[in-house]
Amino acid sequence: MSTHSSGETWSVNTQGAVNVSFDGRPLVAVPGQNIGAALVSNGITAWRSTRKNARPRGLFCGIGVCFDCLVTVDGEANQRACLVEVQEGMEIEGSCADRGGRA
Amino acid sequence: MTPIVSADVAVVGAGPAGLAAAVAAAESGAAVVLVDAGAQPGGQFWRHRPETVAPEQDGRGHHGWPTYLDLRARFDAARGRGRITYLPGLQVWMAQQIHPVQGDDGGFTLRTTPTAAVAALEASVGSQTVVARRLVLGPGGYDRQLPVPGWDLPGVMAAGGIQAFIKANGILPGQRFVIAGTGPFLLPVAANIAEAGGKVLAVLESSSPTAWLPHLRAAAGVPEKALEGAEYAAVFARHRVPYRTRTIVTEVLGTDHVSGVKTAKVDAGGRVRPGTERVYEDVDVVGFGWGFTPQMELPLSFGIQTRLDADGSLVGVVDERQQSSVPGLFLAGEVTGVGGATLAVLEGLAAGTAAAGGTVSPEKTAARHRRFAEAMHLAHPVPPAWQDWLAPETIVCRCEEVTARQLTDARESLGARDARTLKSFTRAGMGWCQGRVCGFAAACLGAGPGSAPTVESLSGSAKRPLAAPVGIGELAALETSDN
Ligand SMILES: Cc1cc2nc3c(=O)[nH]c(=O)nc-3n(C[C@H](O)[C@H](O)[C@H](O)COP(=O)(O)OP(=O)(O)OC[C@H]3O[C@@H](n4cnc5c(N)ncnc54)[C@H](O)[C@@H]3O)c2cc1C
Ligand code: FES
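Notes on the sheet that holds strand β11 (residues 243-245) of chain B
Picture the strands of a sheet paired through backbone hydrogen bonds; they go either parallel or antiparallel.
Residue and element names in this part refer to chain B.
Then, number 1: Pairing within the open sheet is parallel, and its five strands lie in the order β8-β15-β9-β10-β11. The outermost strands of the open sheet, each flanked by one partner alone, are β8 (156-158) and β11. Each strand axis lies, on average, 20 degrees off the axis of its neighbour in the sheet, ignoring direction.
Then, number 2: Packing against the sheet, helix α3 (residues 159-169) makes contact with β8, β9 (176-182) and β15 (285-290), and its axis sits at approximately 85 degrees to β8.

Following this line, the structure appears as structure tokens:
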């Protein structure tokens, strides 16, 4: 059985860095993270806007079911940020109307 | 041309059910192919950080990790012996039956496509076609959602999605959380957040603990659940996590991101009790979970017999060997009824053994877990009055941005009473997710206030011509190969 007995918080080994870009701007991610986690941990929680009402979207289901988190990765459109692991040099693009993260 | 992999038994899903099925089938002597959308084994329950960067993992935040390690060792051993071909990172987008011809007992074909079409991913393999005599489906499920005003704001996540985020990345998606919905699953989510250093402002459970009273016998049958419960209680006490029952989120506040939530107390039917409203401010993540929806499109594509489970979900009917109404097609895990990982493993073992032609003896443990799951569903129902929580402008279908008003108008003025008809009138369920997220809610809205959806309505929403989005190239290739 697990774990919840220690009381200390998790200490995950997050050594090393992966350099990626988001909408042309450099971001540092942790090896093994998915794109969604890399964006959120860099303070970007929305990276797409909806077609009809231009509403911001980011992660929702977290497991590849909802398609809210779509990004373009190295020129491939419509990839799910919650499923794709960051790789060195990856170019990630969102499709926000205002190109912004969270204000 | 897509490469073809053939085997005695094909398994879809490497979660608790599929992993167990593959291991059991291989150990019973079958040649097995396991296809899974994930990059590594584990499914939702045993999702973990990529083994490429974290080869040693202690199972922190997991339950039943020793069971996983045992299955994984047997899985790796069977792969080593060449008994299991493992195809990770591939989604099955179509499954078909090969009808028996003289001297041949038929079988199944699976068409697959990469989960991510990203060249930089080392693990990515090209599409494969799988052909097998028997098929075990263990595709699991996803969080069931009930829309409320503001649930489409960034920062609102599925409760399981938060759990998956933590398990896959080892970090949190925010700092200050409110977790809401119903069911015991809210507890491990909140506990993991607190243990990972996040602040859980509240866990809001729509049901009441007294709802368990009629089901104590079933609960007592699975003592490990009580232990797990005690463990969460200790975590909640240590991190001062308030657990409020008969309470719901009535609105998520914020303009471009979650900033807070409005909550209220509800009665046993889910009706808001006036004067009990309260606001939580400074919230950056809200997690919603109303149980789970089994992923039924692959089983439904074979026209299997289905039923409504105690939680109102559409599930497949199976016999004691986990065989569906289609001979040679076995189901295990959430698609036979949401019942948790322990039950999924037991079902997977039975399905894998049976698919390989082995004998399966009736399982007392599985029966106990099924009774527990039923009790859990009855104690944590979707509140009948939930449709009253919607504002007319609340988005129900997130993809096509269809509002509650559009759906109720289609019901009232056009007589659209099931999810499929609602879809054709309003486009709800027609977007990228193909109604996975809004399907249950839309079916409820079609049924009308206080009513639960029928098998027909849920089947209509869960029948999807393609089980995953697929490139034009693959569709074109299918045309050619079938001509
Ligand atoms: C996001 C999430 C988080 C959860 N976290 C917890 C938790 O912390 N604690 C808990 O008690 N319960 C949790 N649950 C419930 C628990 O996961 C299930 O009870 C259990 O995993 C069921 O096992 P399974 O094998 O049926 O399905 P799953 O574990 O869901 O495995 C199904 C597998 O099939 C794959 N798959 C599905 N469709 C296809 C396809 N078309 N092609 C290829 N592969 C496919 C999926 O990628 C997945 O790997 C969670 C559920 C979800 C959805
Ligand atoms: S968050 Fe739902 S698909 Fe990525």
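There is more to say, and it comes next.
Let's talk about the site of ligand 1
Then, number 1: As a structural note, the neighbourhood of ligand 1 is formed by 33 residues, with Ala17, Asp36, Val92, Gln163 and Glu334 of chain B the closest of them.
Then, number 2: Surrounding ligand 1 is a set of residues that belongs to chains A and B.
Then, number 3: Contact distances for ligand 1 include 2.8 Å between a nitrogen atom and a backbone N or O atom of Val92 of chain B.
Then, number 4: In the model, a nitrogen atom of ligand 1 is placed 3.3 Å from a nitrogen or oxygen of the Gln295 of chain B side chain.

Points about the packing of helix α8 (residues 341-355) of chain B against helix α9 (residues 364-379) of chain B
All names here are of chain B.
Then, number 1: Their axes nearest at 10 Å, the elements α8 and α9 cross at an angle of 140 degrees. One element, α8, and the other, α9, form an angle in the oblique class. In this structure, the crossing between α8 and α9 has a hand that is left-handed. On the side of α8, the interface is formed by Thr342, Leu343, Leu346 and Glu347, while α9 contributes Thr365, Ala366, His369 and Arg370.
Then, number 2: Along the lines of polarity and charge, the residues of the contact of α8 with α9 split into three nonpolar, three polar and two charged.

Considerations on α9 of chain B
Then, number 1: Helix length check: α9 of chain B, at 16 residues, gives a terminal C-alpha distance of 23 Å against a target of 22 Å (1.5 Å per residue), a fit within 8%.
Then, number 2: Elements that come into contact with the buried residues of α9 of chain B comprise α5 (216-220), α6 (223-238) and α8 of chain B.

Re a negative patch on the surface
Then, number 1: Taken together, the side chains of Asp74, Glu76, Glu91 and Glu93 of chain A present a region of like negative charge at the surface.
Then, number 2: Note that Asp74 of chain A resides in the loop between β5 (70-73) and β6 (76-80).

Thresholds applied
- Residues numbered from 1 in each chain as written.
- Chains lettered and ligands numbered in written order.
- Predicted model: local features only at pLDDT ≥ 70, side-chain atom pairs only at ≥ 80, totals over all residues.
- Heavy atoms only, no water.
- Pairing = 2+ DSSP bridges.
- Helix = DSSP H or I, 4+ residues; strand = E, 2+ residues; numbered from the N terminus.
- Axes fitted to C-alpha atoms, helices over the stretch in contact; angles between N-to-C directions.
- Contact = heavy atoms within 4.5 Å.
- Near = heavy atom within 4 Å.
- Polar contact = N/O pair within 3.5 Å; in protein donor to acceptor, adjacent residues only side chain to side chain.
- Parallel < 35°, antiparallel > 145°, perpendicular 65-115°, else oblique.
- Left-handed = near helix turned anticlockwise from the far one by under 90°.
- Nonpolar A, V, L, I, M, F, W, Y, C, P; charged D, E, K, R; others polar.
- Expected span 1.5 Å × (residues − 1).
- Patch = residues over 30% accessible without salt bridge, like charges linked within 9 Å, V, L, I, M, F, W, Y side chains within 5 Å.
- Areas by Shrake-Rupley, 256 points an atom, 1.4 Å probe, with all protein chains shown as cover.
- Salt bridge = Lys/Arg side-chain N within 4 Å of Asp/Glu carboxyl O.
- Lys, Arg positive; Asp, Glu negative; His and termini not counted.
- Charge placed at Lys NZ, Arg CZ, Asp CG, Glu CD.

Purely geometric numbers; function is a separate question.
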